[in-house]
Amino acid sequence: MEWTKLFSIALGAVLVNNFIVAQFLGICPFMGVSKKVETASGMGMAVIFVMGLASAICWPINAFILVPFKLNFMQTVTYILVIASLVQFIEMFLQKAMPALYEALGVYLPLITTNCAVLGVVLQNTQNSYNFIESVVYGVTGGVGFLVVIVLFASIRERMEFSEFPKSFEGFPIALVAAGLIALAFMGFSGLKVFG
């Protein structure tokens, strides 16, 4: 029966409780990096990696340090420090070990440090009392949901470059309209029940 809960968590993170269109977390990189599909997919892949790794690292810190010593009030600060350190170590590792990948990701790695969706996933793991496996599944699939929406939005924005709009809608306003329509489309998943 454990796999059904994991499947429900995964499906919920991708469709029902998507970080961008349902919880409105990570809107800054969503709007800023979604002009081209290539950059959006690079950002999405980096977010998947960091969300999964942050979930895997923050869960034991919370379970074995913060909760036993009654330091629950320090969760947010601790998680921010862990995420910033994690992104910095990943950046240094990639720069030394894989310079080509480091150059390809470029500005996306530092942007992840300020992505509130990464902080949101580790805080929600704590609030939902997920165990280690559930936390990692939620982190990775939350990143997959981020990737799906940002690539979908980037492909729409690429097509909109060649479309004609009234002068008042050109540029950022039509992007906001498109983002709202995507959010409305994802609201169709809100009543989804996986297992009765």
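As shown above, the structure is provided for reference.
Residues numbered from 1 in each chain as written. Predicted model: local features only at pLDDT ≥ 70, side-chain atom pairs only at ≥ 80, totals over all residues. Heavy atoms only, no water.

Peer 1: Please clarify how the packing of aromatic side chains should be interpreted in this entry.
Peer 2: The description of two aromatic rings rests on the distance between their centres and on the angle between their planes. Counted according to the given criterion, the structure contains 6 aromatic pairs. Ring geometry for phenylalanine 19 against tyrosine 138: centres 5.7 Å apart, planes inclined by 50°, an arrangement best described as tilted. Linking phenylalanine 19 in the loop between helix 1 (2-16) and helix 2 (27-32) with tyrosine 138 in helix 8 (residues 132-160), this pair joins segments that are 119 residues apart in sequence. The burial state of phenylalanine 19 is the same as that of tyrosine 138; both residues are buried. Consider the rings of tryptophan 59 and phenylalanine 64, whose centres lie 5.9 Å apart with planes at 90°: the pair is edge-to-face. Looking at tryptophan 59, the relative accessible area reads 25%, which means it is partly exposed. Among the residues examined, phenylalanine 64 registers a relative accessible area of 57% and is labelled exposed. Counting every residue linked through ring pairs, the aromatic cluster contains Phe19, Tyr130 and Tyr138. (Phe/Tyr/Trp six-rings, centres within 6.5 Å; stacked < 30°, edge-to-face > 60°. Helix = DSSP H or I, 4+ residues; strand = E, 2+ residues; numbered from the N terminus. Buried < 20%, exposed > 50% of the residue type's maximum accessible area, 1.4 Å probe, protein only.)

Peer 1: What should I look at first to understand the pattern of salt bridges in this one?
Peer 2: Pairing between side chains of opposite charge can happen when their charged atoms approach one another. Counted under the stated rule, the structure contains 3 salt bridges. Two residues, lysine 36 and glutamate 161, come together in a salt bridge whose shortest N-O distance is 3.7 Å. Here the residue lysine 36 occupies a position in the loop between helix 2 and helix 3 (37-66), and glutamate 161 occupies one in the loop between helix 8 and helix 9 (172-187), the gap between them amounting to 125 residues. Residue classification places lysine 36 among the partly exposed residues on the basis of a relative accessible area of 39%. Looking at glutamate 161, the relative accessible area reads 47%, which means it is partly exposed. Residue lysine 167 is joined to glutamate 170 by a salt bridge in which the shortest nitrogen-to-oxygen separation is 3.7 Å. Relative accessible area serves as the criterion here: at 68%, lysine 167 is assigned to the exposed category. The class of glutamate 170 is partly exposed, set by a relative accessible area of 42%. (Salt bridge = Lys/Arg side-chain N within 4 Å of Asp/Glu carboxyl O.)

Peer 1: Would you take a moment to explain the nonpolar core for this structure?
Peer 2: As a rule of thumb, soluble globular proteins bury nonpolar side chains together. Core analysis: the largest hydrophobic core is formed by 51 residues, its most contacted members being Phe30, Ile112, Val122 and Phe153. With 9 residues, the single largest contributor to this core is helix 3. (Core = buried A, V, L, I, M, F, W, Y, C linked by side-chain atoms within 4.5 Å.)

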